[in-house]
Amino acid sequence: MMVALQWLRSLFFVVQMYLVMAVMACFFAPWALAHRNGAYAAVRTYCRYVRWSARWMVGLRSEVRGPIPEDEVVIGSKHQSFFDVILIVSVVPKPKFIMKASLKYVPIVGQFAMRIGCVPVERGRRAEAMRQMMAGVTRGDAPAGQLVIYPQGTRVAPGVDMPYKVGTAVIYRETGQACVPAATNVGLYWPRQGILRKPGLAVVEFLEPIPPGLPLDRFTAELRLRVETASNRLMTEGGFPAHAIPGHDPGA
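Remember, it's a predicted structure, so these values are computed and weren't measured experimentally. Each residue is numbered by its place in its chain's sequence as written, counting from 1. Totals for whole chains, interfaces and linings use every residue, but because this is a predicted model, local features are given only for residues with pLDDT of at least 70 and side-chain atom pairs only at 80 or more, for both listing and counting. The side-chain figures draw on all heavy atoms in the structure; neither hydrogens nor water molecules are used.

**Q** Quick question: what am I supposed to make of the side chain of Gln16 here?
**A** What counts as a helix is a DSSP run of H or I of at least four residues, what counts as a strand is a run of E of at least two, and both are numbered from the N terminus. If you trace the backbone, Gln16 turns up in helix H1 (residues 2-34). We call two residues in contact when some of their heavy atoms are within 4.5 Å. For Gln16, the contacting residues outside a window of four places in its chain are Tyr49, Ser53 and Met57.

Here it is, written out as structure tokens:
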């Protein structure tokens, strides 16, 4: 009974979340078309609304820990569900994402994503994807801000181990910017797919920046260590069993 009730609450939350997205998009559209700051205001306001509504509709509280990146940096983030995107955009002043190209055709989401400077990349062909990614990041009219990239390339459910791809390291090298690792546990409460949203405390945590100039292999190893260690800690705080974490040593 309790699960069914939570599912119904979640369904109502999801439906209203997309309805409010449409209303806010219409409200902010003139400002967003006239000036990019309008698009930033729109996405930030919407994401803060989602955090607020999730708290009282489904009992999902949220928290952002660590210093908020405000300079031009690369943010290498763990990606478990749409909610970690919501948390990052709600606090970062000028976010832009490396995103799969099909998203630019999604109504509202695609238009506002392109307006804030997100970089669409076709998946599948690695060389072409890298070319598109670097062209989008380094083009002369690319807006300054905080470039968010998911090193594993997709949403990864808690307890699933996936390798870190080379794209984040290449961007780190080519931009010459520091990289801020970001950890999360949002997948415990907001799944990759499905309706059910669970009560609890979802966290995104910004970690100590990795300074520019490291060799690519060393950078990738350091990024993975920091992100995975912190994400595992956040997940165990949220009740995820330690023995289900990849690489967990039961004798440690």
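**Q** How should I be thinking about helix H2 (residues 36-58) in this particular structure?
**A** Given 3.6 residues per helical turn, the α-helix brings residues three or four places apart onto the same face. A helix's residues, less one, multiplied by 1.5 Å, set its expected span. Taking 1.5 Å per residue as the helical rise, H2 with its 23 residues ought to reach 33 Å, and the 33 Å between its terminal C-alpha atoms agrees with that figure. Backbone geometry just after H2 places Gly59 at a positive phi near 75°.

**Q** How should I be thinking about the sheet that holds strand S1 (residues 60-65) in this particular structure?
**A** Pairing between the strands of a sheet is mediated by backbone hydrogen bonds and can be parallel or antiparallel. Pairing in this open sheet of seven strands is mixed, and the strands run S1-S7-S6-S2-S5-S3-S4 from one edge to the other. Every other strand in the sheet has two partners, leaving S1 and strand S4 (119-121) as the edge strands with one partner each. This sheet shows a mean twist of 20° between the axes of neighbouring strands, independent of strand direction. One requirement defines pairing of two strands: DSSP has to find at least two bridges between them. As defined by bridge partners, strand S6 (residues 179-184) adjoins strand S7 (residues 200-206) across three bridges and the pair is classed as antiparallel. Across the sheet, the residue bridging to Ala183 is Glu205, located in S7. Of the strands in this sheet, S1 and strand S3 (95-100) are in contact with H2, which crosses S1 at around 135°. Lines fitted to C-alpha atoms define the axes here, with helix axes fitted over just the stretch in contact, and angles between the N-to-C directions of these axes take values from 0 to 180 degrees. Of the strands in this sheet, strand S2 (73-77), S3, strand S5 (146-149) and S6 are in contact with helix H6 (residues 167-175), which crosses S5 at around 160°.

**Q** Could you clarify how one ought to interpret the nonpolar core in this entry?
**A** Note on soluble globular proteins: their nonpolar side chains tend to be buried together. Counting 52 residues, the largest nonpolar core has Phe13, Tyr46, Val50, Leu60, Ile75, Phe83 and Phe206 as its most contacted members. Each residue touching Phe83, except ones within four places of it in the same chain, is listed here: Val50, Arg51, Leu60, Ser62, Val186, Trp190 and Ala202. By nonpolar core is meant a set of buried Ala, Val, Leu, Ile, Met, Phe, Trp, Tyr and Cys residues that side-chain atoms within 4.5 Å join together. Buried residues are those whose accessible area, probed at 1.4 Å on protein chains only, stays under 20% of the maximum for their type, while exposed residues exceed 50% and partly exposed ones sit between those limits. Residues Val119, Val121, Phe219 and Val227 belong to the second largest nonpolar core, which totals 15 residues.

**Q** Just checking my understanding: could you explain the pairing of S5 for this structure?
**A** Of the two faces of S5, the one carrying Gln146 and Val148 and the one carrying Leu147 and Ile149 are both buried. Here S3 pairs with S5 via three bridges, running parallel. Bridge pairing in S5 places Pro95 opposite Gln146.

**Q** I'm lost on the environment of Pro211 in this one. Help?
**A** Note on placement: Pro211 falls in the loop between S7 and helix H7 (216-237). Overall, the relative accessible area of 47% leaves Pro211 in the partly exposed class. Residues Pro211 and Gly176 lie 35 residues apart in sequence; the distance between their C-alpha atoms is 9.0 Å. Among residues more than four places away in sequence, those in contact with Pro211 are Tyr172 and Ala178.

**Q** Whenever I open this one, the packing of aromatic side chains confuses me. Can you help?
**A** To describe a pair of aromatic rings, you give the distance between the ring centres and the angle between the ring planes. In this analysis, rings of Phe, Tyr and Trp, with Trp reduced to its six-membered ring, are considered paired at centre separations within 6.5 Å, and the interplanar angle assigns stacked below 30 degrees, edge-to-face beyond 60, and tilted for intermediate values. Enumeration according to the criterion identifies nine aromatic pairs in this entry. Members of the aromatic cluster, joined through ring pairs, are Phe13, Phe82, Phe83 and Trp190. Residue placement shows Arg197 over the ring face of Trp190; its charged tip is 4.2 Å from the ring centre. When the NZ atom of lysine or the CZ atom of arginine is within 6 Å of a ring's centre and also within 35 degrees of its normal, the charge is said to sit over that ring.

**Q** Explain the packing of H6 against H7 here, please?
**A** When two helices pack together, you describe them by how their axes are tilted relative to each other and by the distance separating the axes. At a minimum axis separation of 9 Å, H6 and H7 run at an interaxial angle of 120°. Looking at the two axes, H6 sits oblique to H7. Once H6 is placed against H7, the crossing between them reads as right-handed. Here Thr168, Ala169, Tyr172 and Arg173 of H6 lie close against H7, whose contacting residues are Leu216, Phe219, Thr220 and Leu223. Asp, Glu, Lys and Arg are counted as charged, while Ala, Val, Leu, Ile, Met, Phe, Trp, Tyr, Cys and Pro are counted as nonpolar; the rest, among them Gly, fall into the polar class. Residue composition of the contact of H6 with H7, grouped by class: five nonpolar, two polar and one charged. Note that the term roughly parallel is reserved for angles under 35 degrees, roughly antiparallel for angles over 145, roughly perpendicular for angles of 65 to 115, and oblique for everything else. Less than a right angle of anticlockwise turn of the near helix away from the far helix marks a crossing as left-handed, whereas a clockwise turn marks it as right-handed.

Bear in mind that shape data such as this cannot, by itself, settle questions of function.
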